[in-house]
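One letter stands for each residue in the lines below.
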Amino acid sequence: MTSSISAWIWNERFWLPENVSWADLEHPPPGVEYPRPRDILYALPLAAGVFLLRILFERLVAKPCAHILQIQPGVPRQAQPNAVLEKLYQSKACPDIRQLEGLSKQLDLDVRKIQRWFRVRRNQDRPSVQKKFCESMWRFTFYLGIFIYGINHLWSTRWTWDTRQCWHNYPFQPVSPGQYSYYLAELAFYWSLMFSQFIDIKRKDFVIMLVHHLATIILITFSYANNMLRAGTLVMCVHDVSDIFLEAAKLANYAKYQRLCDGLFVVFSISFFISRLVIFPFWIIHSVLFESWEIAGPYQSWWLFNGLLVVLQFLHIIWFYLIMGIAIKAIFKGKVAKDDRSDIETSSDEELSSNTDPSQTQMLNDSSHTSNLNGETCDH
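Residues numbered from 1 in each chain as written. Predicted model: local features only at pLDDT ≥ 70, side-chain atom pairs only at ≥ 80, totals over all residues. Heavy atoms only, no water.

**So, the pattern of salt bridges**
Then, in step 1: Applying the stated rule across the entire model yields eight salt bridges.
Then, in step 2: Salt-bridge contacts for arginine 164 lead to glutamate 294; the nearest nitrogen and oxygen are separated by 3.2 Å. Placement of arginine 164 in the loop between helix 9 (158-161) and helix 10 (177-196) and of glutamate 294 in helix 13 (residues 258-295) is noted, with a sequence separation of 130 residues between them.
Then, in step 3: Arginine 276 is the salt-bridge partner of aspartate 243, the closest N and O atoms lying 3.5 Å from each other. With aspartate 243 in helix 12 (residues 229-254) and arginine 276 in helix 13, the pair connects residues that are 33 residues apart, well separated along the chain. The burial state of aspartate 243 is the same as that of arginine 276; both residues are buried.
Then, in step 4: One network of salt bridges, with partners in common, ties together Arg54, Glu58, Lys131 and Glu135. (Salt bridge = Lys/Arg side-chain N within 4 Å of Asp/Glu carboxyl O. Helix = DSSP H or I, 4+ residues; strand = E, 2+ residues; numbered from the N terminus. Buried < 20%, exposed > 50% of the residue type's maximum accessible area, 1.4 Å probe, protein only.)

**Concerning helix 13**
Along an α-helix, a turn takes 3.6 residues, which lines up residues three or four apart on a common side.
Then, in step 1: Maximum bend of helix 13: about 55 degrees, positioned at phenylalanine 280, with proline proline 281 one to four residues after it.
Then, in step 2: Within two residues after helix 13, glycine 297 carries a phi angle of roughly 80 degrees, on the positive side. (Bend = angle between axes of the 7 residues up to and from the residue.)

**Re helix 4 (residues 43-68)**
Then, in step 1: When the terminal C-alpha atoms of helix 4 are compared, their 35 Å separation across 26 residues agrees well with the 38 Å that a helix rising 1.5 Å per residue should span.
Then, in step 2: Remark: the principal bend of helix 4, roughly 40 degrees, maps to glutamate 58.
Then, in step 3: Within helix 4, the full set of buried residues consists of Ala43, Ala47, Val50, Phe51, Arg54, Phe57, Glu58, Ala62 and Ala66.
Then, in step 4: Backbone geometry just after helix 4 places glutamine 70 at a positive phi near 60 degrees. (Expected span 1.5 Å × (residues − 1).)

**Re the packing of helix 8 (residues 129-154) against helix 10**
Then, in step 1: Contact geometry of helix 8 with helix 10 gives a least axis separation of 10 Å together with a crossing angle of 165 degrees. When the axes of helix 8 and helix 10 are compared, the pair comes out roughly antiparallel. Handedness of the crossing formed by helix 8 with helix 10: left-handed. From helix 8, Trp138, Arg139, Phe142, Tyr143, Ile146, Tyr149, Gly150 and His153 reach across to helix 10, where they touch Pro177, Gly178, Gln179, Ser181, Tyr182, Ala185, Glu186, Phe189, Tyr190 and Leu193. (Axes fitted to C-alpha atoms, helices over the stretch in contact; angles between N-to-C directions. Parallel < 35°, antiparallel > 145°, perpendicular 65-115°, else oblique. Left-handed = near helix turned anticlockwise from the far one by under 90°. Contact = heavy atoms within 4.5 Å.)

**Some words on the state of the cysteines**
Working definition of a disulfide: a covalent bond connecting the sulfur atoms of two cysteines.
Then, in step 1: If you walk through the whole model with that rule in mind, you get zero disulfides.
Then, in step 2: Just so you know, cysteine 65 is unpaired, no disulfide at all, and the nearest cysteine sulfur is the one on cysteine 134, 8.7 Å from it. (Disulfide = S-S within 2.5 Å.)

**What about the side chain of serine 223?**
Then, in step 1: Its location among the elements puts serine 223 in helix 11 (residues 206-225).
Then, in step 2: Relative accessible area serves as the criterion here: at 8%, serine 223 is assigned to the buried category.

**Some points on a positive patch on the surface**
Then, in step 1: A cluster of basic residues, Arg77, Arg112, Lys113 and Arg116, forms a positive patch at the surface.
Then, in step 2: A relative accessible area of 61% means that arginine 77 is categorised as exposed. (Patch = residues over 30% accessible without salt bridge, like charges linked within 9 Å, V, L, I, M, F, W, Y side chains within 5 Å. Areas by Shrake-Rupley, 256 points an atom, 1.4 Å probe, with all protein chains shown as cover. Lys, Arg positive; Asp, Glu negative; His and termini not counted. Charge placed at Lys NZ, Arg CZ, Asp CG, Glu CD.)

**Quick word on the environment of isoleucine 55**
Then, in step 1: With respect to the helices, strands and loops of the structure, isoleucine 55 is situated in helix 4.
Then, in step 2: For the pair isoleucine 55 and cysteine 134, spaced 79 residues apart in sequence, the C-alpha to C-alpha distance is 9.7 Å.

**Section: the confidence of the model for the protein**
Then, in step 1: Chain-level statistics for the protein give a pLDDT mean of 81 and a share of 83% at 70 or above.
Then, in step 2: In the predicted structure, residues 335-377 sits below a pLDDT of 50 and forms 112 contacts with residues beyond four places in sequence or in another chain. (pLDDT = per-residue confidence, 0-100.)

**Focus: the packing of helix 12 against helix 13**
Then, in step 1: Running from amino to carboxyl end, helix 12 crosses helix 13 at an angle of 170 degrees, the nearest separation of the two axes being 8 Å. It follows that helix 12 is roughly antiparallel to helix 13 by the angle criterion.
Then, in step 2: A per-class count over the contact of helix 12 with helix 13 returns 22 nonpolar, six polar and two charged. (Nonpolar A, V, L, I, M, F, W, Y, C, P; charged D, E, K, R; others polar.)

**Comments concerning the packing of aromatic side chains**
Then, in step 1: Using the criterion set out here, one finds 24 aromatic pairs in the structure.
Then, in step 2: Ring geometry for tyrosine 143 against phenylalanine 189: centres 5.6 Å apart, planes inclined by 70 degrees, an arrangement best described as edge-to-face. In this pair, tyrosine 143 is assigned in helix 8 and phenylalanine 189 in helix 10, connecting sequence segments 46 residues apart. Like tyrosine 143, the residue phenylalanine 189 is buried in the burial classification.
Then, in step 3: Between the aromatic rings of tryptophan 302 and tryptophan 303, the centroid separation amounts to 4.8 Å while the plane-to-plane angle is 85 degrees, which identifies the pairing as edge-to-face.
Then, in step 4: On the accessibility criterion, tryptophan 302 (3% relative accessible area) is buried.
Then, in step 5: Tryptophan 303 sits in the exposed class, given a relative accessible area of 53%.
Then, in step 6: By the ring-pair criterion, three or more aromatic residues cluster together here, those being Phe265, Phe268, Phe272, Phe273 and Phe320. (Phe/Tyr/Trp six-rings, centres within 6.5 Å; stacked < 30°, edge-to-face > 60°.)

**Observations regarding the nonpolar core**
Then, in step 1: Of all hydrophobic cores here, the largest spans 61 residues; its most connected members are Phe133, Trp167, Phe189, Tyr190, Phe280 and Ile284.
Then, in step 2: Mapped by element, the contributors of at least two residues to this core are helix 3 (22-26), helix 4, helix 8, helix 10, helix 11, helix 12, helix 13 and helix 14 (300-332).
Then, in step 3: Here the element with the most residues in this core is helix 12; it accounts for 11 residues.
Then, in step 4: Look past the residues within four positions of phenylalanine 280 in its chain and what remains in contact with it is Val235, Val238, His239, Ser275, Ile285, Leu309, Leu312, Gln313 and His316. (Core = buried A, V, L, I, M, F, W, Y, C linked by side-chain atoms within 4.5 Å.)

Pasting the structure below:
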């Protein structure tokens, strides 16, 4: 049964061009290495190592930096112990008016007092700014490091400057140690995000983020398996660059350097536009769609990968529209540092985040304008 499922998943007619088999890639010429799907499995133990490295980084590097910037963990106000309210809170943090009225009769308490208890209890569970700062500093450090590594590797390759080289003699293209390390590092990072998703700051876009990480893992894994590494490394590098400025802007926001935050957000918007609305469609997608068709010809998985890239490009356009909305509001409101910004995620913020790129969601949540300073997230 297992072998049948494996054969179905790795069907040669789907993943590889016509007249090419997995056996052809298993036996390269002397001195040449082709990607082998089983090699990518090393990303799993490496992901555990990345996760442990993150824990050490946050404790030994990020937290001391937060103290230097006077970002304190903060001690939220504790809600009065109440077994009945606590039981309902565990199943529903924002009870509706009917439930509130029922609790009022049951406990002989005013509805306003019950609302206040739930508000304090929700604030009690909210992560501190210091925790958010540590998470963002880890992501900033990774994105900066992996982008520098990617640029260092890609700068000297032929296909970076002539994308037609991505498809010459495809799929019989040797994999270099730099390519393999780049792929392995990116895949291990996203696997580690899958692990940490359940202990990181919980947001309303939890499911979206989970699907996003899973889709990224699938694309990286399968593009490695059928030797689309040259185009894949270009895609990863283009997507990493704007995330650096995104996380940097969040760090400035948490440290209360609002002018720096606003400036970095503008740089993030510009880098997002150049990398994802100019370079990605007119350089990479053009190559994968047209140059690969001309040189290597289409095959079944070719349609899948191109379809996903085109859908991703449409999402980039939508995300940029939302990002520009935030940037324009900041510009026309003048002193953004005086606006009612809050690290508390309101319901309106979360509704916006559910329609936004998972990689941009946290920035929009953390630095969007909100007048809800008391942390109330439920309207009754």
